[in-house]
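Coordinate analysis (summary)
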Amino acid sequence: MTHRVEGVGVGFRIEMADALIEREPPEIDWLELHPENYMQRGGGFTDSLARARERWPFATHGLTMCFGNTAPFERSYLDPLRAFLRDLETPWHSDHLCFGAADGRMAHDLLPLPFTEEAVANCVQRFTEARDALDITLAFENVSYYAPQSEDGLVEADFVREVLERADGRMLFDVNNLYVNSQNFGFDPLAYIDRIPLERVVQIHVAGHLIEDEHLRIDTHGEPIGDGVYVLLERVLERTGPVPVLLERDNNIPPLDVLLDEVRRLRAIYDRATPKATRATRSTPARGEPVGAAAPVRAGGRP
Ligand SMILES: [Fe+2]
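One structure accompanies this document, and this report is about it. These numbers come from a predicted model, not from an experiment.

To continue, consider the pairing of strand S3 (residues 58-61). Residues Phe 58 and Thr 60 line one face of S3 and the alternating positions Ala 59 and His 61 line the opposite face, and both faces are buried. Remark: the strand S2 (residues 30-33)/helix H2 (residues 43-53)/S3 crossover connection has right-handed handedness. Pairing of S3 with strand S4 (residues 93-96), which is carried by 2 bridges, proceeds in the parallel orientation. What sits directly across from Thr 60, in S4, is His 93. Taken together, S3, helix H3 (residues 75-88) and S4 form a β-α-β motif whose crossover is right-handed.

And the structure:
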């Protein structure tokens, strides 16, 4: 097996774990898991993870460490997370550029931040604090949102860029989230990409979304990937080079063969957009390593 997270992977969900482990489909290069579902647990979860690890490398993606919260992180979360990530040998860990709690109450949702200087400063401080505590390459993900932003603040892409550069961070670029936001709020996703320092992207997410009506798409992770998301993924990969791509499917999980059809379509895009000659030269910039030199970008980047 390869021990590198590269190529196309899927989210490791307990609903599909048995089918994956039994068949070991060669289309799948790596798996992503949410540590919250596996940390400090035993029984079937631990057994499934141990068996899957014999076959695939893992990257981790958290659900609760919203970098835009204002309360301090709890050591009772960070300490076991650090140990879990180390044991799993994940090359990086990611969570979301959003907020999910206020005044001690958890929203259990990934809520959008105001794109303001104050929010940038808070995210930079908390992202840095988390990275120091976890002592690992840390990335944040751009989220989907449904409320329009104040016209007084930054645009989303500039907000993301500011946090990335001031924190010297890495990004998990969710192409479906960008597509959904661009369609709901009528902006050009390619112009957004132009403003992001793509050499900082260590991983890409794609997923399906629900078309509620002409003006409202909802990021459900419960539908097949839309054609517009496939097209946008190809544009992003042409710019980033061979960044690992992860198919997120959390609801209405289909039979494995249906999922593998999507993985094969993603693979075809990945192969087309990132010629083999470029793959050996791109490596994940580790914490503290300057970006850019280790991660050549084929074209573009921040204007
Ligand atoms: Fe995502």
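Picking up where we left off.
Of all 11 residues that make up helix H6 (residues 175-185), 8 are buried, and the element is covered over most of its length. Residues Val 175, Asn 176, Asn 177, Leu 178, Tyr 179, Val 180, Asn 181 and Asn 184 constitute the buried set of H6. Each element contacted by the buried residues of H6 is listed here: helix H5 (156-166), strand S8 (170-174), helix H7 (189-194), strand S9 (201-207), strand S11 (216-218) and helix H8 (227-240). Among the residues trailing H6, Gly 186 stands out with phi positive, at a value near 70°.

Before going further, it helps to examine the nonpolar core. Among the nonpolar cores identified, the biggest contains 69 residues, and Val 163, Val 175, Ile 204 and Val 206 are the most heavily contacted of them. With 6 residues, helix H4 (residues 117-134) is the largest single contributor of residues to this core. Excluding its chain neighbours within four sequence positions, the residues that come into contact with Val 163 are Leu 97, Val 120, Cys 123, Val 124, Phe 127 and Gly 169.

For the rest of this paragraph, the subject is the pairing of strand S1 (residues 8-11). Taken together, the 3 bridges between S1 and strand S12 (residues 245-248) define a ladder with parallel strand orientation. Within the sheet, the bridge partner assigned to Val 10 lies in S12 and is Leu 247. Relative to S2, S1 runs parallel, the two being bridged by 3 bridges. Within the sheet, the bridge partner assigned to Gly 9 lies in S2 and is Trp 30.

Moving on to the sheet that holds S4. Reading around the barrel, the 8 strands line up as S1-S2-S3-S4-S7-S8-S9-S12 and close back on themselves, with parallel pairing between neighbours. Between one strand and the next, the sheet's axes are offset by a mean angle of 30°, whatever the strand orientation. Judged from the 4 bridges that link them, S9 and S12 form a sheet pairing that is parallel. Residue pairing for S12: Val 206 is matched across the bridge by Leu 247. Set on the sheet, H8 makes contact with S8 and S9; between it and S9 the angle comes to about 170°.

Here we take up the packing of helix H1 (residues 14-23) against H2. Running from N to C, H1 and H2 cross one another at 40°; their axes reach a closest spacing of 10 Å. The orientation of H1 relative to H2 falls into the category oblique. Between H1 and H2 lies a crossing whose hand is left-handed. Along its contact with H1, which presents Ile 14, Ala 17, Leu 20 and Ile 21, the element H2 presents Phe 45, Ser 48, Arg 51 and Ala 52. When its residues are assigned to classes, the contact of H1 with H2 shows 6 nonpolar, 1 polar and 1 charged.

Calculation notes
- Residues numbered from 1 in each chain as written.
- Predicted model: local features only at pLDDT ≥ 70, side-chain atom pairs only at ≥ 80, totals over all residues.
- Buried ≥ 20, exposed ≤ 12 C-beta atoms within 10 Å, placed from the backbone.
- Helix = DSSP H or I, 4+ residues; strand = E, 2+ residues; numbered from the N terminus.
- Right-handed = clockwise from strand over helix to strand, strands pointing away.
- Pairing = 2+ DSSP bridges.
- Contact = placed C-beta atoms within 7 Å.
- Core = buried A, V, L, I, M, F, W, Y, C linked by C-beta atoms within 7 Å.
- Axes fitted to C-alpha atoms, helices over the stretch in contact; angles between N-to-C directions.
- Parallel < 35°, antiparallel > 145°, perpendicular 65-115°, else oblique.
- Left-handed = near helix turned anticlockwise from the far one by under 90°.
- Nonpolar A, V, L, I, M, F, W, Y, C, P; charged D, E, K, R; others polar.

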